[in-house]
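Coordinate analysis (summary)
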Amino acid sequence: MDVLNGSADYITTSSCSGRIALFHSISETEEGEGEELHRGAAAAAPGNDSITSTSTRGRGMKRGAQEALGWLFVKHGALTGAEMQSIVLALSGPARTPEEAALDDAQVSRWRARQAAVEREGALAQHTADSGVVRVGAFTGEVEGPLADAGAAAEHPRFQPPARGTVCLKMEPFVMHVECRTMAAAKELLTAAATEGGYRNSGVTPPGKKIMCGIRCTTGLGMEVPLVMSGCNYMARASGEAASVTNPNRLYLWHLLDLANEKMLANEKRTDRLEGAVKRRIK
């Protein structure tokens, strides 16, 4: 939002364009259970008369600390077919049946064609503000995280889902926080964001040391689905299941990734609408 930072009335303090991610967390209960096992083993060790406690009481969900890995995969943009397939391979494993192989190929091809169509449409509208189409670059965001690193290095062993905790597939829509010079300026920005831009969950904090306007809209765009719970990977083939049987969870995972991508593309359109509204309001 260059128009905001180019104005004397506004300065953006934080923002996220939207991201699709796999996030690993360990709950307080799970961490406590792990510590009990550790303390039990330590107490049983010969000559060990003391136990050091590392309680996590009050910390809630861990974000990358200790055994929790945090962000396993993050992309600020829509996923390409190849990136979606890397997630499927990491959680559901390689295709074991002709049907699974055909499913993977069809999904990758479909999203390759969809990406090409989106980029063609965006190229035609790149000079039109608030065009209502996804702009060029929707699929070009940087990919980060250990899962992405494993897929990028041929010599790296295939990524293994965590044996503890929860892994969620997330789609987090655009959010921005803007410091405003006056309450009048804040109201003007809020009108552009909420009324014209469609960011209905936006708001302004009461005047204090700073006047902040938060621009966000979670309605219909946010998504958070657990794929691994308590270390159990529900996207994998069931234990003992015959290799000739198609894994239905693989199709379910593809559907979830489809949904996350559609939400990201809708997020891109809404962000474009917001940009047009801000440009019309903020001079």
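This text follows the structure it describes.
The structure reproduced in this document is the subject of the present report.

Cut-offs and rules
- Residues numbered from 1 in each chain as written.
- Predicted model: local features only at pLDDT ≥ 70, side-chain atom pairs only at ≥ 80, totals over all residues.
- Heavy atoms only, no water.
- Helix = DSSP H or I, 4+ residues; strand = E, 2+ residues; numbered from the N terminus.
- Buried < 20%, exposed > 50% of the residue type's maximum accessible area, 1.4 Å probe, protein only.
- Contact = heavy atoms within 4.5 Å.
- Expected span 1.5 Å × (residues − 1).
- Pairing = 2+ DSSP bridges.
- Phe/Tyr/Trp six-rings, centres within 6.5 Å; stacked < 30°, edge-to-face > 60°.
- Lys NZ or Arg CZ within 6 Å of the ring centre and 35° of its normal.
- Core = buried A, V, L, I, M, F, W, Y, C linked by side-chain atoms within 4.5 Å.
- Polar contact = N/O pair within 3.5 Å; in protein donor to acceptor, adjacent residues only side chain to side chain.

What follows is about the side chain of Thr166. Of note, Thr166 is situated in strand β5 (residues 166-172). By relative accessible area, which is 18% here, Thr166 ends up buried. With sequence-adjacent residues up to four places away left out, Thr166 is seen in contact with Phe23, His24, Ser25, Pro226, Val228, Met229 and Ser230.

Time to look at helix α3 (residues 81-92). When the terminal C-alpha atoms of α3 are compared, their 16 Å separation across 12 residues agrees well with the 16 Å that a helix rising 1.5 Å per residue should span. Along α3, the residues that are buried comprise Gly81, Glu83, Met84, Ile87, Val88, Ala90, Leu91 and Ser92. Following α3 by one or two positions, Gly93 adopts a phi angle in the positive range, close to 80°.

The side chains of a regular strand alternate between both faces of the sheet. Of all 6 residues in strand β3 (residues 70-75), 5 are buried, a share of seventy percent or more. Bridge analysis of β3 against strand β4 (residues 143-144) gives 2 bridges, and the strand direction is antiparallel. When the sheet's bridge partners are listed, Lys75 is paired in β4 with Val143.

Of the strand pairs in this sheet, β5 and strand β9 (residues 223-229) are connected by 5 bridges, and their pairing is antiparallel. When the sheet's bridge partners are listed, Leu169 is paired in β9 with Val225. Direction of pairing for β9 relative to strand β10 (residues 232-233): antiparallel, over a ladder of 2 bridges. For Val228, the partnering residue across the bridge sits in β10 and is Asn233.

Let's shift gears to the packing of aromatic side chains. As enumerated under the stated definition, the model contains 2 aromatic pairs in all. Summarising the aromatic geometry, the rings of Phe174 and Tyr199 are spaced 5.6 Å apart at their centres and angled 70° between planes, so their arrangement reads as edge-to-face. With Phe174 in the loop between β5 and β6 (175-180) and Tyr199 in the loop between α6 (183-196) and β7 (203-204), this residue pair connects regions lying 25 residues apart in the sequence. The side chain of Lys170 reaches across the aromatic face of Phe23, ending 4.8 Å from its centre.

Glancing now at the sheet that holds strand β2 (residues 19-25). Read from one edge of the open sheet, 6 strands run β4-β3-β2-β5-β9-β10, paired in antiparallel fashion. Each end of this open sheet is capped by a strand with a single partner; those strands are β4 and β10. Relative to β3, β2 runs antiparallel, the two sharing 5 bridges. Among the inter-strand pairings, Leu22 is bridged to a residue of β3, identified as Phe73.

Let us look at the nonpolar core. Within the largest apolar cluster, 34 residues are counted, with the highest numbers of intra-cluster contacts made by Leu22, Ile87, Leu91, Leu169, Leu227 and Leu257. Looking at this core, the elements with two or more residues in it are β2, β3, α3, α4 (98-124), α5 (146-152), β5, β9 and α7 (248-281). Counting residues per element, this core draws most heavily on α7, at 7 residues. Ignoring anything within four residues of it in the chain, the contact list for Leu227 reads Leu22, Leu91, Val167, Cys168, Leu169, Cys232, Asn233, Tyr234, Met235, Leu253 and Leu256. Of all hydrophobic cores here, the second largest spans 20 residues; its members include Tyr10, Val178, Ala186 and Cys213.

Turning to the sheet that holds strand β8 (residues 211-216), a few remarks are in order. A sheet is described by the order of its strands in space; here 4 strands give the open sequence β1-β6-β8-β7, paired in antiparallel fashion. Of all the strands in the sheet, the pair left with one neighbour each is β1 (10-16) and β7. As paired strands, β1 and β6 are joined by 6 bridges and run antiparallel to one another. Bridged to Ser15 within β6 is Met176.

Along the chain, Thr246 falls in the loop between β10 and α7. Spatially, the C-alpha atom of Thr246 lies 8.8 Å from that of Ala95, the residues being 151 residues apart in sequence. The contact partners of Thr246, leaving out residues within four places of it in the chain, are Thr97, Glu99 and Glu100. A polar contact is formed between the side chain of Thr246 and the side chain of Thr97, at a distance of 3.3 Å.

So, about the environment of Trp111. Looking at the secondary structure, you find Trp111 in helix α4. Residues Trp111 and Ala82, spaced 29 residues apart in sequence, show a C-alpha to C-alpha distance of 8.7 Å. Beyond its immediate chain neighbours, meaning those up to four positions away, Trp111 contacts Gly81, Met84, Phe139, Asp258, Asn261, Glu262 and Leu265.

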